[in-house]
Amino acid sequence: MKIVIIEPLGIEKESVEKISQENLSEHEIIYYDTRVTDEVTLIERAKEAEILVVANLPLNRNVLSACPHLKLISVAFTGIDHLDVNYCKEKNIMICNSVGYSTVAVAEEVFGMIIGLYRQLLASDERTRHQQTKEGLSLLEMAGKTIGVVGAGEIGQRVMKIAFAFDLKVLCYSRTKRMIQGVEFVDLDTLMKESDIITLHIPSTPATYHLIDADKIALMKKEAVLINTARGTIVDSEALAAALNNNKIAGAGIDVFEMEPPIPVEHPLLNAKNTILAPHIGFATKEALVKRAYVVFENIKKYLAGDPQNIC
């Protein structure tokens with residue numbers, strides 16, 4: 001089987017080769033450790049592949065249709081919205097994503113964002129470097145506040161677990177209600193109204209596009225902050241920027257946008273007040289990227305084993 005890793009996986013090439021050989025030593029593996037985006041080069045790299053490994057590199061119909069032998073795409077990412085899923089369905093190309101590798105990393109980033117906003121760490125750093133004091137800074141504690149978690153998957157549940165350690169009351173909105181001790185499940189409007197902190201942990205789908213729009217943001221408390229480490233399209237960025245700039249809400253921590261970085265200079269959140277912005281780094285700890293590589297090749301190994309209960 002010819003396996004092509006079409007872009008870097010974020011860890012040393014030697015580590016990728018070691019992990020792949022541990023799982024798939026009898027197969028031909030080609031690893032490209034540079035990222036390219038032009039279709040001509042992507043097609044040249046992928047055209048003979050029977051199995052493709054991709055992280056968040058977009059692969060459209062033009063590229064995929066040039067791969068006549070392709071049977072599986074093992075995605076080193078949780079989301080798969082950067083692939084032409086419809087084409088894969090048409091051609092019976094299986095897609096496996098990587099679940100669970102970034103649960104700890106993303107959940108920890110959420111609380112880094114919250115602490116950064118609540119304790120105004122960016123402003124404090126700037127003031128200190130310019131011989132200024134704390135005068136005028138309004139600092140908050142998390143203890144006793146209410147956090148609203150949108151989504152009760154693995155990352156959402158990890159966030160809830162950490163929230164209890166900070167003495168936060170936990171509300172959750174999820175299409176699938178679960179029995180989680182200490183968590184109150186509510187509708188989305190109630191969560192938006194009652195939460196001091198709102199954090200998003202749901203996938204990008206047609207149903208979640210701009211789920212957090214101007215109307216939902218208008219329900220938030222003036223002192224509330226919004227954290228998005230999920231997908232950029234879930235939030236209406238223009239509406240969020242307007243609320244921030246008009247002091248309708250207190251702040252936002254954003255790790256994801258409608259596109260992958262670099263973010264265009266005209267993006268509304270780049271000039272919004274009281275924000276902490278990151279270039280999609282929530283998943284990208286050293287530990288998580290190693291876990292991800294193992295998941296990618298384990299998914300391929302399961303697929304090749306041919307056990308329907310074991311595939312992806």
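A quick note: this is a predicted structure, and the numbers were derived from the prediction, not measured.

*Asks:* How would you sum up the overall build of the chain? Please name residues and give values.
*Replies:* When its secondary structure is counted, the chain shows 11 helices and 12 strands. Relative to the globule expectation of 20 Å for 312 residues, the C-alpha radius of gyration of the chain, 21 Å, shows essentially globular dimensions. Buried positions account for 46% of the 312 residues belonging to the chain. Residue pairs in contact within the chain that sit at least 24 positions apart in sequence constitute 60% of those at least 6 positions apart. If you sum the accessible surface of the chain, you get close to 15600 Å²; carbon and sulfur atoms cover 50% of it. Of the charged side chains in the chain, 33 are positive and 41 negative, and the gap between their average positions amounts to 4 Å.

*Asks:* So what's going on with the sheet that holds strand 1 (residues 2-5)? Residues and values would help.
*Replies:* With respect to topology, 5 strands assemble into an open sheet ordered 2-1-3-4-5, the strand pairing being parallel. Looking at the sheet topology across the chains shown, the edges are occupied by strand 2 (28-31) and strand 5 (94-96). Each neighbouring strand pair of the sheet contributes to a mean axis angle of 15°, computed without reference to strand direction. Pairing of strand 1 with strand 3 (residues 51-54) involves 3 bridges; the strand directions are parallel. What sits directly across from Val4, in strand 3, is Leu52. Those strands touched by helix 11 (residues 286-305) are strand 1, strand 3, strand 4 (72-75) and strand 5, and its axis lies near 155° from that of strand 4.

*Asks:* Which residues make up helix 10 (residues 237-245), and what values do they have?
*Replies:* Regarding helix 10, the residues found buried are Ser237, Ala239, Leu240, Ala241, Ala243 and Leu244. The secondary structure elements touched by the buried residues of helix 10 are helix 9 (214-218), strand 10 (225-228), strand 11 (251-254) and strand 12 (275-277). At the N-terminal boundary of helix 10, the capping side chain belongs to Asp236, with an oxygen 3.2 Å from the backbone nitrogen of Glu238. Looking one or two residues past helix 10, Asn247 carries a phi angle of roughly 60°, positive in sign.

*Asks:* Describe the packing of helix 5 (residues 103-118) against helix 7 (residues 154-165), with residues and values.
*Replies:* Relative to each other, helix 5 and helix 7 sit at 50°, their axes nearing to 9 Å. On the basis of the axis angle, helix 5 is oblique to helix 7. Crossing geometry of helix 5 relative to helix 7 is assigned as right-handed. Together, Thr103, Val104, Val106, Ala107, Val110 and Phe111 of helix 5 and Glu154, Ile155, Arg158, Val159, Ile162 and Ala163 of helix 7 make up the contact between the two elements. Among the residues making up the contact of helix 5 with helix 7, the classes are represented as 9 nonpolar, 1 polar and 2 charged.

*Asks:* Can you lay out helix 5 for me, pointing to particular residues and giving the numbers?
*Replies:* In this model helix 5 runs 23 Å from its N-terminal to its C-terminal C-alpha over 16 residues, within 8% of the 22 Å that 1.5 Å per residue would give. When helix 5 is considered as a whole, its buried residues turn out to be Thr103, Ala105, Val106, Ala107, Glu109, Val110, Phe111, Met113, Ile114, Gly116, Leu117 and Tyr118. Looking one or two residues past helix 5, Gln120 carries a phi angle of roughly 50°, positive in sign.

*Asks:* For the pairing of strand 4, give the residues involved together with the corresponding values.
*Replies:* Neither face of strand 4 is open: one carries Leu72 and Ser74, the other Ile73 and Val75, and all of them are buried. Judged from the 4 bridges that link them, strand 3 and strand 4 form a sheet pairing that is parallel. Paired with Ile51 across the two strands is Leu72, which belongs to strand 4. As defined by bridge partners, strand 4 adjoins strand 5 across 3 bridges and the pair is classed as parallel. Each residue of the ladder has a partner; that of Ser74, found in strand 5, is Cys96. One crossover worth recording links strand 4 to the parallel strand 5 by way of helix 4 (residues 85-90), and it is right-handed.

*Asks:* Residues and numbers for the nonpolar core, please.
*Replies:* Counting 44 residues, the largest nonpolar core has Leu52, Leu59, Ile73 and Phe297 as its most contacted members. Elements represented by at least two residues in this core include exactly strand 1, helix 1 (13-24), helix 2 (39-46), strand 3, helix 3 (61-64), strand 4, helix 4 and helix 11. A total of 6 residues in this core trace back to one element, the largest contributor, which is helix 11. Leu188, Leu226, Ala243 and Ile254 belong to the second-largest nonpolar core, a separate cluster that totals 29 residues.

*Asks:* Can you break down the packing of aromatic side chains residue by residue, with the values?
*Replies:* For the structure shown, the criterion picks out 2 aromatic pairs. Ring geometry for Phe77 against Phe283: centres 5.3 Å apart, planes inclined by 75°, an arrangement best described as edge-to-face. Of this pair, Phe77 sits in the loop between strand 4 and helix 4 while Phe283 is found in the loop between strand 12 and helix 11, placing the two residues 206 residues apart along the sequence. Taken individually, Phe77 and Phe283 each receive the classification buried, so the pair is uniform in this respect.

*Asks:* Run through a negative patch on the surface, naming residues and quoting values.
*Replies:* Among the surface-exposed residues, Glu12, Glu14, Glu17 and Asp33 lie close enough to one another that they form a single negatively charged patch. Following the sequence through the fold, Glu12 ends up in the loop between strand 1 and helix 1. You can call Glu12 exposed: its relative accessible area is 52%.

*Asks:* So what's going on with the environment of Ile93? Residues and values would help.
*Replies:* For Ile93, the location among the structural elements is in the loop between helix 4 and strand 5. Through-space distance from the C-alpha of Ile93 to that of Ile51 is 9.4 Å; in sequence the pair is 42 residues apart.

Rules behind the numbers
- Each residue is numbered by its place in its chain's sequence as written, counting from 1.
- Where local features are concerned, this predicted model is filtered to residues with pLDDT of at least 70; where side-chain atom pairs are given and counted, the filter is 80 or more; whole-chain, interface and lining totals use all residues.
- The side-chain quantities take in all heavy atoms of the structure and omit both hydrogens and water.
- Counting from the N terminus, the helices are DSSP H or I runs at least four residues long and the strands are E runs at least two residues long.
- Atoms counted for the radius of gyration: C-alpha only. Globule rule: 2.2 Å times the number of residues to the power 0.38.
- Residue burial is assigned from relative accessible area. The probe radius is 1.4 Å, only protein chains are included, and a residue is buried under 20% of its type maximum, exposed over 50%, and partly exposed in between.
- Contacts: residue pairs with any heavy atoms within 4.5 Å of one another.
- Reported accessibility uses the Shrake-Rupley method at a 1.4 Å probe radius. Residues are deemed covered only where the shown protein chains occlude them.
- Positive charges come from Lys and Arg alone, negative charges from Asp and Glu alone, with His and the N- and C-terminal ends not counted.
- Charge positions come from single atoms, namely NZ of Lys, CZ of Arg, CG of Asp or CD of Glu.
- DSSP-based pairing: two strands are paired if at least 2 bridges between them are found.
- Under this scheme, a helix contributes an axis fitted over its contacting stretch, all axes are lines through C-alpha atoms, and angles between N-to-C directions fall in the 0 to 180 degree range.
- Here a polar contact is taken to be a pair of N or O atoms separated by no more than 3.5 Å, where protein atoms must pair a possible hydrogen donor with a possible acceptor and residues adjacent in sequence count only if both atoms sit in side chains.
- The cut-offs work like this: below 35 degrees is roughly parallel, past 145 is roughly antiparallel, 65 to 115 is roughly perpendicular, and the gaps in between are oblique.
- For any helix crossing, the convention is left-handed if the near helix is rotated counterclockwise from the far helix by under a right angle, and right-handed if that rotation is clockwise.
- Residues are grouped as follows: Ala, Val, Leu, Ile, Met, Phe, Trp, Tyr, Cys and Pro are nonpolar; Asp, Glu, Lys and Arg are charged; every other residue, Gly included, is polar.
- Between the first and last residue of a helix there are one fewer steps than residues, each counted as 1.5 Å, and that sum is the expected span.
- Crossover handedness is defined here as right-handed if the route from the first strand over the helix to the second strand goes clockwise, with the strands pointing away from the viewer.
- The definition of a nonpolar core used throughout is a set of buried Ala, Val, Leu, Ile, Met, Phe, Trp, Tyr and Cys residues joined through side-chain atoms within 4.5 Å.
- When the centres of two rings from Phe, Tyr and Trp lie within 6.5 Å, Trp using its six-membered ring, the rings pair. Their planes under 30 degrees apart give stacked, over 60 give edge-to-face, and anything left gives tilted.
- Patch membership needs two things, relative accessible area over 30% and no salt bridge, and members are linked within 9 Å if like-charged or within 5 Å if nonpolar (Val, Leu, Ile, Met, Phe, Trp, Tyr).
- Any Lys or Arg side-chain nitrogen found within 4 Å of a carboxyl oxygen on Asp or Glu counts as a salt bridge.

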